[in-house]
Every structure is written in C-alpha cells, then in structure tokens.
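Chain by chain, the residues:
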Amino acid sequence: MRMNNDIRNNWTISEIKAIYDAPLLDLIYRAAQLHRMYNDTAEVQVCTLLSIKTGGCSEDCAYCPQAARYNTGVEVQALMQKEAVLEYAQKAKDAGSTRFCMGAAWREVRDNKDFDRVLDMVKGVNELGMEVCCTLGMLTEQQAQKLADAGLYAYNHNLDTSKEHYSEIITTRTYEDRLNTLNHVRKAGVTVCCGGIIGLGETHDDRIKMLHTLATMPEHPESVPINALVAIKGTPLENNSKTDVWDMVRMIATARIIMPKTMVRLSAGRTEMSVAEQALCFMAGANSIFAGDKLLTTPNPSFEEDNLMFQLLGLKPRAAFKEE
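The structure presented is a predicted model; accordingly, all values stated were derived computationally and were not measured. (Residues numbered from 1 in each chain as written. Predicted model: local features only at pLDDT ≥ 70, side-chain atom pairs only at ≥ 80, totals over all residues. Heavy atoms only, no water.)

Draft legend 1. Main features of the packing of aromatic side chains. A complete count under the given rule lists 2 aromatic pairs for this structure. The interplanar angle of 50° and the centroid separation of 6.2 Å between the aromatic rings of Y88 and F100 together place this pair among those described as tilted. Taken together, the residues Y88 in helix α3 (residues 82-94) and F100 in strand β2 (residues 99-104) connect sequence positions 12 residues apart. Overall, the relative accessible area of 28% leaves Y88 in the partly exposed class. Among the residues examined, F100 registers a relative accessible area of 0% and is labelled buried. Taking 5.2 Å as the distance between ring centres and 75° as the angle between the ring planes, the aromatic pair formed by Y166 and Y175 counts as edge-to-face. (Phe/Tyr/Trp six-rings, centres within 6.5 Å; stacked < 30°, edge-to-face > 60°. Helix = DSSP H or I, 4+ residues; strand = E, 2+ residues; numbered from the N terminus. Buried < 20%, exposed > 50% of the residue type's maximum accessible area, 1.4 Å probe, protein only.)

Draft legend 2. Local environment of helix α5 (residues 141-150). Residues of α5 that are buried include every one of Q143, A144, L147 and A150, and no others. What you see down the axis of α5 is that its buried residues fit within an arc of 120°, all on one side. Turned more than 90 degrees from where α5 packs its buried face, Q142 and D149 sit exposed. Elements that come into contact with the buried residues of α5 comprise α4 (113-127), β4 (154-156) and α7 (175-187). Phi turns positive, to about 105°, at G151, one or two residues after α5. (Arc of directions from axis to C-beta. Contact = heavy atoms within 4.5 Å.)

Draft legend 3. Quick look at unusual backbone geometry. Even without a glycine there, the phi angle at D160 is positive, about 75°. Following the sequence through the fold, D160 ends up in the loop between β4 and α6 (163-169).

Draft legend 4. How the structure looks around the nonpolar core. Counting 92 residues, the largest nonpolar core has Y63 and M102 as its most contacted members. Of all the elements, helix α9 (residues 245-258) adds the most residues to this core, at 9 residues. The contact partners of Y63, leaving out residues within four places of it in the chain, are D160, I169, I170, R178, I197, L200, L229, T235 and L237. In this structure, C47, L49, C101 and F290 belong to the second largest nonpolar core, which totals 6 residues. (Core = buried A, V, L, I, M, F, W, Y, C linked by side-chain atoms within 4.5 Å.)

Draft legend 5. Highlighting the packing of α4 against α5. Look at α4 against α5: their axes get within 8 Å of each other, and the N-to-C directions meet at 30°. Two packed elements cross with a definite hand, and for α4 against α5 that hand is right-handed. Of the residues in α5, those touching α4 at F115, L119, V122 and K123 are Q143, K146, L147 and A150. Classifying every residue of the contact of α4 with α5 by side-chain character gives 5 nonpolar, 1 polar and 2 charged. (Axes fitted to C-alpha atoms, helices over the stretch in contact; angles between N-to-C directions. Left-handed = near helix turned anticlockwise from the far one by under 90°. Nonpolar A, V, L, I, M, F, W, Y, C, P; charged D, E, K, R; others polar.)

Draft legend 6. View of the packing of α3 against α4. As a packed pair, α3 and α4 sit with axes 10 Å apart at the nearest point and diverge in direction by 30°. The angle between α3 and α4 falls in the class roughly parallel. The two elements α3 and α4 cross, and the hand of that crossing is right-handed. Along its contact with α3, which presents K82, V85, L86 and A89, the element α4 presents D120, M121, G124 and V125. Split into classes, the residues belonging to the contact of α3 with α4 amount to 5 nonpolar, 1 polar and 2 charged. (Parallel < 35°, antiparallel > 145°, perpendicular 65-115°, else oblique.)

Draft legend 7. Quick look at the environment of F282. The topology assignment puts F282 in helix α10 (residues 275-283). Overall, the relative accessible area of 8% leaves F282 in the buried class. For the pair F282 and G195, spaced 87 residues apart in the sequence, the C-alpha separation amounts to 17 Å.

This is the structure in structure tokens:
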C-alpha cells in the first residue's frame, strides 16, 4: 500500500544523513520496501545516450574528457547529421531502449543553426515513439520552451556534487547556473533528469548535501542518475581511486527512500561492476540504466550483455511514456 507521506520535499540534512549512515543491509531492506510500494520492481527504464557533438568544450569540469583544455585523446567532432542520429536511435529502439538522450559538448545552447538542427533531431526521435532527452549545457527559458515545443520529454543537467564541493570540480559556471537551467526546464513543462557523480574527492557529507538539494526541490526530479567517476587519463581526476560498489548501493538506496517515485539510474561505472553487484543496486532501488557500448565517450556494457542480465534477474524494459 502506498503512503502519501513518503513523498516529501522538506527533508533535513540530518534526516538524510541518518538514512545514509544506517547499517547497509537495513538500508537496502528499507529502500527495497519503498521501491515495491511505488514502482514495478521488474521494470527497468532502458536509456541510450549518444554524443551528437563531441569534444572542444570550453568548460573545465575536472572529470570530463571533452574539455578542450585537457589532453585526453578525445577527437573533436562537429554536430552529427540528423539522418545518422535517427539511424542510431532506431537501432537503440530495436535493441530495447525506450529513452534516447542526445548530448552535445557545449557550455550553453546558442540560438543558431546548430540549435535549430537539434530541435529537428528532437522532433525526429519523438516521431520514433521514444522519450527524447537532451543534455546540451545551460538553457534560457526561451530555449527550454523551444525544446518542449519540439517534443522534448526530459532534460539532463546534473548537479555533480554538493554546492560546497562544486568549486573544487568546476570553476567556469556556478551551482546557481545549474539550478537556473533546471528551473527553466521545469517551467517549460519538460521532465527533469538531474543527479551527480561520486568519486570526485568529495566527502560523504557532500553526497548527502547533494541528495538533500535534489530531494528538497519543489518537485523531485523525475530521473536521478547516480554515476561513479570514470577516471580518464589527461583530466585532473585521472588518479582518483575507483568508487566502491557499496558506496553506489548506499547512494541509490538513500535516493530511493527520499524520492520514492523517482527513476534512480545506475549510470556511469557499470562496466566495472559484476552482474551480482548490479543486482544489489536494483534491489536497493535502481530502476533505470544506460544501455549501449558508450556513454558519450566512456565505455558501457553492450545491449547483449544487458539483455542476458535482464533474463537472469527477471527484469524487463519499462515502456516509453508510462504514467504512474
């Protein structure tokens, strides 16, 4: 039975900390209970992410191989042609994906021919019957509305970390810039995809504060990606140690408890996780993944590997545009 008082936007940091610090098995059990109340635990949203414009970004995000200032071996590629994007989207749909996300390595969207081409891509993917998501950097209210009018279903703009730790990772835009973009997306009626990355050198308190920011928004993000840092040679974080799987499970379970209806996405870092470790994440409340062999420029499990895992665990792809 669903309890409406589980959906709260007035969480305190101390309440979230108490959940996050709970004994791990108790935490997973509580998260699994809420997950069953609010979601079909056999369903996992399968998303595919394509880099439609790669590299050459002017930002200094310390984890990102696409920043122009870092020598990471990423080859700069201009904006893809619509036909090639739609072909990739159709292959993703045929393989079981129901959400297609297009990412461009831009600091912000500019009102030019490239943005017009992206709007045309959004229309095209929407006509395939897939939920269309974009991650294009900062947006104005007017740009968010144009994307909405083109049929955009979701916009991804991650907070990455806590407000307090943010300046250690990015200096070329502020935390408020990110929140402003999210407000513009929400005002346009587009669903919000917003999460973060663990393994950036943050503390556990930073992780708790990031979750607090998400869970106290006027409306919870419809999707919260939890990423493990993929340390890329040439970036300032290239020597950061691998994120412990138990930290991923703890983050996913806490997110599930404080945002029961949100899609919690097990995102970057899955290539380093066994099927058993991923199963623990699903048990803890994850119900969304990225499928396909790449996440922008970093490796990801193949569609075939994920299909085998779904068969083993008794999971099935969630239908597009499903309403609760």
